[in-house]
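Coordinates in review
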Amino acid sequence: MAKKKLRPPPFRTDQRKVMNARIWLAAFREEYTAKDATGAMWTTHMFEVLHRMQHRFAMHCLCEHGDGKHHEPGEALEIDLMWFKRNGGTYDVPLLALEHENSYLAAEAKKDFWRVFQVAAPLRVFIGYSRNNPEQRLEELVTLRSKGWQGDLFHRLQGGEDIALVGQRGMGGFNSWYGAVWSGNKVHRLHEFLRSRLQQ
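Okay, so let's go over this structure.

Thresholds applied
Residues numbered from 1 in each chain as written. Predicted model: local features only at pLDDT ≥ 70, side-chain atom pairs only at ≥ 80, totals over all residues. Heavy atoms only, no water. Helix = DSSP H or I, 4+ residues; strand = E, 2+ residues; numbered from the N terminus. Buried < 20%, exposed > 50% of the residue type's maximum accessible area, 1.4 Å probe, protein only. Contact = heavy atoms within 4.5 Å. Areas by Shrake-Rupley, 256 points an atom, 1.4 Å probe, with all protein chains shown as cover. Arc of directions from axis to C-beta.

**Examining the overall build of the protein chain**
For the protein chain, the helix and strand inventory stands at six helices and eight strands. Along the protein chain, helices and strands appear, N-terminal first, in the series α-α-α-β-β-β-β-α-β-α-β-β-β-α. By residue count, 46% of the 200 residues in the protein chain fall in the buried class. Put simply, 61% of the contacts in the protein chain that link residues at least 6 apart link residues at least 24 apart. Approximately 10,900 Å² of the protein chain is accessible, and the part contributed by carbon and sulfur atoms is 50%.

**Thoughts on helix H4 (residues 106–116)**
Three or more residues of H4 are buried, namely Ala-109, Asp-112, Phe-113 and Val-116. Considered in projection along H4, the buried side chains sweep an arc of 105 degrees and stay on one side of the axis.

**Points about the side chain of Asp-112**
Positionally, Asp-112 belongs in helix H4. Residues in contact with Asp-112, not counting those within four places in the same chain, are Glu-99, Glu-101 and Phe-126.

Scope: geometric values only; no functional claims are made or implied.
Below is the structure:
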């Protein structure tokens, strides 16, 4: 008697092809425009960018900063923003989990960086800031992630991708962001990853 084939994981592969790290970053680059804003104004600006992206990808959003369309107010698992299939069910698997940490404190950045990478979403994004040296903050996070994998501090999802973006307030355009992308077993720097033809 032939063995019964195992069913695929619950998220839809067609949805994952619609949005991966390269496509998400390209959309972020297009939607993001630098704005000299601080505090709540900056958070509002960033969530406007993210919600334009959400509508662009035809996703349903669960977060505290929604615009009412295809949005449900609240946070799941204390994650700032999650995107789901537009017509998904109550317990659908999130297609994206994102943490946006305004604090300049390294400890706060590391806490949210760790938290978002525990969610079983095929694309996970951390956005944070450093007061003076975003490049150094990014390297701290990359090092933490590297050590964390060895000690099982971070949940790894087969076939999933992760993004970390670090900037500072009052910065310039998209090129002012420092970023890393984890795809497969490799970590790539932001612009290197966007120039590559990975995951097309």
